[in-house]
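Chain by chain, the residues:
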Amino acid sequence: MSQKITANILVCGKSGVGKTSLVQAMTLPGTVPDEAISDSRPCTQGFDLYQTEVANFIDCQGMEPGQTVEQYCSTVMGEVVQRLDSDKSENLVHAIWYCLNGSGARLQSADAKLIRQFSEKALLIVSKADLMRKEQTESLLAELGTLLPVERIILVSSMEKTGLANLLDETQKVAETSIDQAEEELNAFRLRWEEYYSSMRQLWRSGADAAADELITWAAGRAAAIAIIPLPLADVGPLVANEAYMIYKLGAVYGYAVDKTVLTMLAGMAGGSMAGKLAASFLPFLKIPIAAGITYAVGKAAKAYFASGMSLSKEELRREFLNAEKEAKKTDWKQKMQEEEEE
Ligand SMILES: Nc1nc2c(ncn2[C@@H]2O[C@H](COP(=O)(O)OP(=O)(O)OP(=O)(O)O)[C@@H](O)[C@H]2O)c(=O)[nH]1
Ligand SMILES: [Mg+2]
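Residues numbered from 1 in each chain as written. Chains lettered and ligands numbered in written order. Predicted model: local features only at pLDDT ≥ 70, side-chain atom pairs only at ≥ 80, totals over all residues. Heavy atoms only, no water.

### Here we look at the side chain of Ser-157
Considering the arrangement of structural elements, one finds Ser-157 in the loop between β6 (153–155) and α5 (164–179). Non-local contacts of Ser-157, meaning those with residues more than four positions away in its chain, are made with Ala-129, Asp-130 and Thr-162. (Helix = DSSP H or I, 4+ residues; strand = E, 2+ residues; numbered from the N terminus. Contact = heavy atoms within 4.5 Å.)

What follows is the structure in structure tokens.
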């Protein structure tokens, strides 16, 4: 009689990055008590094990200031090796979540050192994505992209429950590779995993969609506000920057780290037309609906792209963009701006 497979997920990273909060967000209510999370001081000591029907989360003590990477690694690896020594496949660590505080000052050499030594089992989790500022998002992601493939970087917010579905999918891929069991048992595992997460997934999905819509409307309104300022017609810089920010944030809502390639591709749907259409509008008041409309349409297409797991084709994207552009024409952006101001 074979045992039911349970994924063992090791969660590590510096103290206070939000490891325990993440485990709480990824499990059913009641699994991780609120007392296990602290605002003020290092909280988790040693290793706390949180067990669910589908996964065991090994929540590690955080790396303390003053501790070297080597010291922290040897503590964490001690746990991994002890599990290896037990000689039982069900005890092995199947996936590692290395958490990095996205709202922290900048990537430190200790993090970079660790990330470079990552095995295929490790995912890099950028936590507290809700607190990330614009410049931070861009520079951090650019830097991380040089250390590991962008698919292995996942942006999450345990607070706002964003990025969690993507984290789940990527963890499942990693865990399945390292579980290395017969197809039949893996299938049973997948089913149980799907079952456990079905309602959480639905909740995350609708939460992400709502957050994305709010962000798109906000960015389009901001584009309208930028367009009011009588800049030289050719100066689309601030509008393009606004659009780029929206795309980074939309990616984060779905857990994706947006790199230059994806950004260029998505912004490119309207890139030429933004400058062209604005230049063609001799009448200043036309700049507002054009700027807002293009931003809105790029946002909707980007949303569809991330929601699809970044699998939409160029043609499908273009269709999303054109449909949304039509929809935007029906919106009175000037009035929308006034409404926002009144709020
Ligand atoms: N804004 C925001 N705050 C968060 C998020 N996740 C965690 N926090 C806060 O960050 C603080 C630390 O959270 P913990 O989950 O205890 O962090 P930890 O990494 O387990 O800390 P140690 O156990 O001490 O290593 C708490 O105040 C959390 O409320 C998030 O997604 N967004
Ligand atoms: Mg903790």
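### Considering the pattern of salt bridges
Within this structure, the stated rule accounts for 9 salt bridges. As a salt-bridge pair, Glu-70 and Lys-113 come within 3.3 Å of each other at their nearest N and O atoms. Separated by 43 residues along the polypeptide, Glu-70 in helix α2 (residues 69–85) and Lys-113 in helix α3 (residues 109–116) bring together distant segments of the chain. Using a relative accessible area of 47% as the deciding quantity, one classes Glu-70 as partly exposed. (Salt bridge = Lys/Arg side-chain N within 4 Å of Asp/Glu carboxyl O. Buried < 20%, exposed > 50% of the residue type's maximum accessible area, 1.4 Å probe, protein only.)

### Details of the site of ligand 1
Looking at ligand 1, there are 20 residues lining it, with Lys-19, Ser-21, Asp-39, Cys-43 and Thr-44 nearest. Contacts to ligand 1 include Lys-19, whose side-chain N or O atom sits 2.7 Å from an oxygen atom. Contacts to ligand 1 include Ser-21, whose side-chain N or O atom sits 2.6 Å from an oxygen atom. Relative to its unbound accessible surface of 660 Å², ligand 1 loses 90% to contact with the protein. Its residues assigned to classes, the shell around ligand 1 comprises 6 nonpolar, 10 polar and 4 charged. (Near = heavy atom within 4 Å. Polar contact = N/O pair within 3.5 Å; in protein donor to acceptor, adjacent residues only side chain to side chain. Areas by Shrake-Rupley, 256 points an atom, 1.4 Å probe, with all protein chains shown as cover. Nonpolar A, V, L, I, M, F, W, Y, C, P; charged D, E, K, R; others polar.)

### Some points on the domain arrangement of the protein
With domains assigned, the protein is organised as domain 1 (7–181) and domain 2 (205–342). With centres defined by C-alpha atoms, the gap from domain 1 to domain 2 works out at 33 Å. Opposite the 14 residues of domain 1 that make contact, domain 2 presents 12 residues. Both sides together, the interface formed by domain 1 and domain 2 hides about 1100 Å², and carbon and sulfur atoms give 62% of it. (Domains from an automatic or database assignment. Buried area = accessible area lost by both parts, 1.4 Å probe.)

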